Amino acid sequence: MKGLLVKDYYIIKSSLLILAVVFIIIGTSLSYLSTPWVLTVLATVLLGMIVTTTITLDKTSGWIKTVLTTKISRGTYTDSKYISYLGLSLIGLVFGIVFGYIASTAIGKNNDGAMVFVCVSVAMALLAGGIILPFYFLADETKSILGSIIAYPVSAGVFIGLFLLLGNQLSTYVIIITVSLAVFIISWILTKKVLLVKDL
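Quantities reported herein were computed from a predicted structural model and do not represent experimental measurements.

**Q** Sorry if this is basic, but what is going on with the pattern of salt bridges here?
**A** Side-chain pairs of opposite charge can arise whenever the charged atoms involved come near each other. Across all of its chains, the model carries 1 salt bridge by this definition. The closest approach of N and O atoms between lysine 192 and aspartate 79, which form a salt bridge, is 3.2 Å. A residue pair is termed long-range when its members are at least 10 positions apart, and lysine 192 in helix α8 (residues 170-197) and aspartate 79 in helix α5 (residues 74-107) qualify at 113 residues. Residue lysine 192 is classed as partly exposed on the basis of its relative accessible area of 28%.

**Q** Sorry, what's going on with the side chain of threonine 44 here?
**A** Counting through the fold element by element, threonine 44 comes out in helix α3 (residues 38-60). Dropping the residues within four chain positions of it, threonine 44 is found in contact with Ser89, Gly92, Leu93, Ser121 and Ala125.

**Q** Where do I start with the packing of aromatic side chains in this structure?
**A** In this description, an aromatic ring pair is defined by two values, namely the gap between the centres and the angle between the planes. Inspection of the entire model under this criterion finds 9 aromatic pairs. When the centroid spacing of 5.9 Å and the interplanar angle of 85 degrees are considered together, the rings of tyrosine 77 and phenylalanine 137 count as edge-to-face. You can see tyrosine 77 sitting in helix α5 and its partner phenylalanine 137 sitting in helix α6 (residues 114-138), a full 60 residues away along the chain. The exposure class assigned to phenylalanine 137 is buried, which follows from its relative accessible area of 3%. Between the aromatic rings of tyrosine 82 and phenylalanine 137, the centroid separation amounts to 6.1 Å while the plane-to-plane angle is 5 degrees, which identifies the pairing as stacked. Taken together, the positions of tyrosine 82 in helix α5 and phenylalanine 137 in helix α6 put the pair 55 residues apart, joining distant regions of the chain. By relative accessible area, tyrosine 82 is classed as buried at 0%. Members of the aromatic cluster, joined through ring pairs, are Tyr77, Tyr82, Tyr85, Phe137, Phe184 and Trp188.

Calculation notes
- Residues numbered from 1 in each chain as written.
- Predicted model: local features only at pLDDT ≥ 70, side-chain atom pairs only at ≥ 80, totals over all residues.
- Heavy atoms only, no water.
- Salt bridge = Lys/Arg side-chain N within 4 Å of Asp/Glu carboxyl O.
- Helix = DSSP H or I, 4+ residues; strand = E, 2+ residues; numbered from the N terminus.
- Buried < 20%, exposed > 50% of the residue type's maximum accessible area, 1.4 Å probe, protein only.
- Contact = heavy atoms within 4.5 Å.
- Phe/Tyr/Trp six-rings, centres within 6.5 Å; stacked < 30°, edge-to-face > 60°.

Below is the structure:
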């Protein structure tokens, strides 16, 4: 497991500079148009999405077929990707909160919307991850891209639906995050089970 995570780290490291540039450009624009707290969502989503790149590279290079002939099981491989996704999303969340707070303070805006954007970040990461990762594991590249396209609108729809249904209160945030976490865990379990019998 540790070796798989380290391998992904070296792949991801080469993309961090590009992501930083994208984050600064898009983040600055969105912060100006709405609120700096949108940086939280952007950072969480951008960092989490990198994991899909590692899955694609593993498949196209044939590395995944090679490594599964060793002692590394399909379950361990799946676990490493889901753990990487969670770890990177968490780093993105913390990064986004810090920069959102700094930007809000710098331009003199209040932090009233912080809780909403933190909840959106967590919900989007877990719900979208629960949809995207199975696509990248189990489908071809075209269908994987399709999964990425539909994952975020679906996740946003679930969030907005629950938010409108339950209202803007702390219990709503707890319910949304709980539902999102449940979807992610179910996705993790089912992906492992299917991958165990699927021909790669």
